[in-house]
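Here is how the chains run, residue by residue.
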Amino acid sequence: MAEIPDSGREEADLRPMGAAMTAAELEAWFVREVLPLETMLMRFLRRNWRDRSDIEDLRQEIYVRVCEAAEAEIPKSAKAFVFATARNLLTDLIRKENVVPIAAIADPDSVGPEADEPLQDRTLIAKDELRRLQDALDKLPPRHREAVVLGRIEGLTGREIAARMGIAEGTVSQHLKLGMHALTDLYLRDATDAGRRS
Amino acid sequence: MTSPHQPEIRQSATEIDLCAADWLQRRSFWKWSAEDQATFDAWLAESRAHRIAYWRQKSVWESAQRLKALRAPMTRPGGSIPPAKAKPFVLRVAAAAIVAAVVGTVGYRYLGSTSNNEKVYATPVGGRETIALSDGSRIELNTNTSLRVRTDKKTRMATLERGEAYFDIRHDAARPFIVDVAGHRITDLGTKFTVRDGADRLEVTLLQGKARLDSTDTSNPPNSAVLSPGEVAIATPQSVTVIRKPKKELDSQMGWRRGVLTFYHATLADAAREFNRYNQRKIVVVDNAVEAELIDGTFPVNDVDLFGRVAHSVLGARVENKGNDIVISR
């Protein structure tokens, strides 16, 4: 019947929404609310920015700004906030660099009519998720896919993967790294969008 | 790319993403020393962009584990087609009852190993015990609970066969802690959480960190949810729903770990049902009018008499001892 020594820490972690977040909460929020918007964000960036080679960096800068703001206060609508941040960033860059955007980014329609639609309910997302994961996995280069499947699905260690594939451990590392990286982009972006990346 | 708008960032986003992927695979698949951890921590601390890139890679990598679910039907022995209907909860309860009979009534028992690395722990009605695992994780069993734990170099698995348990898990990226319960799988991502296998539904409450809940019953469409602190997943064989509970409610829900039950505007019927999980001496509420009365307060889990006295003095109910039970009526 001993008192639980660490119950105080738990209480500290159960702050209401709207209050400042811990790193773990910020991560959870980012993964849950922001990452699902990536397909739409990439589409927006491509439509509004001429130089394709900048787009990954723009995306990263938007995520950094969004998380910085969310640390202080969680935005009520992640979607509205992400796209407002994106528009502001592009506007700043245009002003600084005196370049001409492809389309008028101040136009609210440029995000698409779906901008204010609520996200799907989680059960539907979960079912869709599995199918999209499978699609992403299928699109990996064969050796990357093999390493990822052995590691993530069969649960082998790096050393075991090397033995199974008959290759050096350093090579397994490379396959896993590049496979993970490609899987992340493929999964977070629509297949058609990912294919168009520069 | 030269980035005039962000001169402090020298690496491109793609380079940072690749670094994040590399850290993730190093942590997940290779020997990981304290020194590696320190270098990794420093890399994370270096910039927000690094942390975000890592979260992004990690979230997809963790999701990818769900692909295992797709393999399950193919690896089924004999390749048989999964049954069209979910195994009814009743069957599971019947199996659990046999375990309870073995356990007996005195205190908690470690029932021994059923295989090399598997151990079975159980508590009787009214029991409560703490299991300390060798990796520093701690599991608390509530009343009338049975849990199998299997750990080895590669895996940490537990099966909640019945009841309720609180898990305080030391995170190990290479060896996630997995709890199987009622056709669902909870994968801890470094967490404190509780699991309650109720009569008709499973409840997973996340207190700290992050955990993932997946359905494992292949006869139903896959369901899954990632839980954040303060969230409760309620799973039936057909669905998973996630709700947020206010802190006050979560605190009272955790009261059993301190040996108390706390009610806020609970109906007498619900409060009695909760008490009956902990005691051989049952509270029977016989009157429709009185069972809907609301009750507030904190009670020791085993003090059925105190509950009876409160029902009498506060609600004006009639309270009688009948045989072993306490009967509450108008």
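## Here's the deal with the overall build of chain B
Move 1: If you tally the helices and strands in chain B, you get nine helices and 17 strands.
Move 2: Going through the 330 residues of chain B one by one, you find that 51% of them count as buried.
Move 3: Considering only residue pairs separated by 6 or more positions, chain B has 47% of its internal contacts joining residues 24 or more positions apart.
Move 4: Carbon and sulfur atoms make up 53% of the accessible area of chain B, which totals about 15000 Å².

## Quick look at the interface of chain A and chain B
Move 1: Contacts between chain A and chain B engage 73 residues on the former and 64 residues on the latter.
Move 2: Carbon and sulfur atoms make up 61% of the area that chain A and chain B hide from each other, which totals about 6300 Å².
Move 3: Linking chain A with chain B are eight salt bridges, by the criterion used here.
Move 4: The partner of E68(A) in a salt bridge is R48(B), and the shortest N-O contact between them spans 3.5 Å.
Move 5: For the pair chain A and chain B, the number of links is 14 residue pairs in polar contact (both at pLDDT 80 or more).
Move 6: At the level of elements, α1 (7–13), α2 (23–34), α4 (55–72), α5 (78–97), α6 (122–139), α7 (142–153), α8 (158–165) and α9 (169–188) of chain A are the ones that each hand at least two residues to the side of chain A that touches chain B.
Move 7: Per element, the largest residue contribution to the side of chain A that touches chain B is 13 residues, and it comes from α9(A).
Move 8: For the side of chain A that touches chain B, the residue count by class is 32 nonpolar, 10 polar and 31 charged.

## A short note on the sheet that holds strand β16 (residues 318–322) of chain B
Residue and element names in this part refer to chain B.
Move 1: The strand order across the open sheet formed by three strands is β14-β17-β16, and the pairing between neighbours is mixed. Every interior strand has two partners, whereas the edge strands, β14 (283–285) and β16, have only one. Within this sheet the neighbouring strands show an average axis-to-axis angle of 25°, counted without direction.
Move 2: Relative to strand β17 (residues 325–329), β16 is paired through five bridges, and the arrangement is antiparallel. Opposite R318, over in β17, you have S329 as the bridge partner.
Move 3: Contacting β14 and β17, helix α7 (residues 268–276) runs over the sheet at an angle of about 160° to β14.

## Quick word on the nonpolar core
Move 1: In this structure, W29(A), F30(A) and I161(A) are the most contacted members of the largest nonpolar core, which totals 66 residues.
Move 2: The next biggest cluster of nonpolar side chains, apart from the first, holds 29 residues, and it includes V195(B), L213(B), L227(B) and A233(B).

## Considerations on the packing of α4(A) against helix α3 (residues 48–64) of chain B
Move 1: Contact geometry for α4(A) and α3(B): axes closest at 9 Å, N-to-C directions at 100°. The pairing of α4(A) with α3(B) is recorded here as roughly perpendicular in orientation. Judged by residue contacts, R59(A), Q60(A), Y63(A), V64(A), C67(A), E68(A) and E71(A) of α4(A) engage R48(B), A49(B), I52(B), W55(B) and R56(B) from α3(B).

## Regarding the pattern of salt bridges
Move 1: Evaluated as defined, the whole model comprises 39 salt bridges over all chains.
Move 2: The closest approach of N and O atoms between E160(A) and K154(B), which form a salt bridge, is 3.4 Å. Here E160(A), found in helix α8, pairs with K154(B), found in the loop between β5 (145–151) and β6 (156–168), and the two come from separate chains.
Move 3: Judged by its relative accessible area of 26%, E160(A) falls in the partly exposed class.
Move 4: Judged by its relative accessible area of 48%, K154(B) is partly exposed.
Move 5: A salt bridge links K192(B) to D168(B); the shortest N-O distance between them is 3.9 Å. Residue K192(B) is found in strand β8 (residues 184–197), and its partner D168(B) is found in strand β6; the two are separated by 24 residues along the sequence.
Move 6: Residues participating in the shared-partner salt-bridge network are E38(A), E56(A), R59(A), D185(A), R189(A), D17(B) and R56(B).

## Re the side chain of E164(B)
All names here are of chain B.
Move 1: Along the chain, the position of E164 falls in strand β6.
Move 2: For E164, a relative accessible area of 2% puts it in the buried group.
Move 3: Here R277 takes part through its side chain, which lies 2.8 Å from a polar atom of the side chain of E164.
Move 4: What E164 contacts, discounting residues up to four positions off in sequence, is E140, L141, N142, T145, V195, R196, W256, R277 and Y278.

## Topic: the confidence of the model for chain A
Residues and elements named next belong to chain A.
Move 1: On average, chain A scores 76 in pLDDT, and the residues at 70 or more come to 69%.
Move 2: Across chain A, the element-wise mean pLDDT spans from 37 in α1 up to 94 in α9.
Move 3: Predicted confidence is poor over residues 101–122, with pLDDT under 50, and the contacts of this stretch with residues over four places away or in other chains come to 37 contacts.
Move 4: For residues 192–198, every residue scores under 50 in pLDDT, and the model assigns this stretch 11 contacts once sequence neighbours within four places are set aside.

## What about the environment of F44(A)?
Residues and elements named next belong to chain A.
Move 1: Note on placement: F44 falls in helix α3 (residues 38–48).
Move 2: The class for F44 is buried, based on a relative accessible area of 2%.
Move 3: Through-space distance from the C-alpha of F44 to that of F83 is 8.6 Å; in sequence the pair is 39 residues apart.

So, how was this worked out
Residues numbered from 1 in each chain as written. Chains lettered and ligands numbered in written order. Predicted model: local features only at pLDDT ≥ 70, side-chain atom pairs only at ≥ 80, totals over all residues. Heavy atoms only, no water. Helix = DSSP H or I, 4+ residues; strand = E, 2+ residues; numbered from the N terminus. Buried < 20%, exposed > 50% of the residue type's maximum accessible area, 1.4 Å probe, protein only. Contact = heavy atoms within 4.5 Å. Areas by Shrake-Rupley, 256 points an atom, 1.4 Å probe, with all protein chains shown as cover. Buried area = accessible area lost by both parts, 1.4 Å probe. Salt bridge = Lys/Arg side-chain N within 4 Å of Asp/Glu carboxyl O. Polar contact = N/O pair within 3.5 Å; in protein donor to acceptor, adjacent residues only side chain to side chain. Nonpolar A, V, L, I, M, F, W, Y, C, P; charged D, E, K, R; others polar. Pairing = 2+ DSSP bridges. Axes fitted to C-alpha atoms, helices over the stretch in contact; angles between N-to-C directions. Core = buried A, V, L, I, M, F, W, Y, C linked by side-chain atoms within 4.5 Å. Parallel < 35°, antiparallel > 145°, perpendicular 65-115°, else oblique. pLDDT = per-residue confidence, 0-100.

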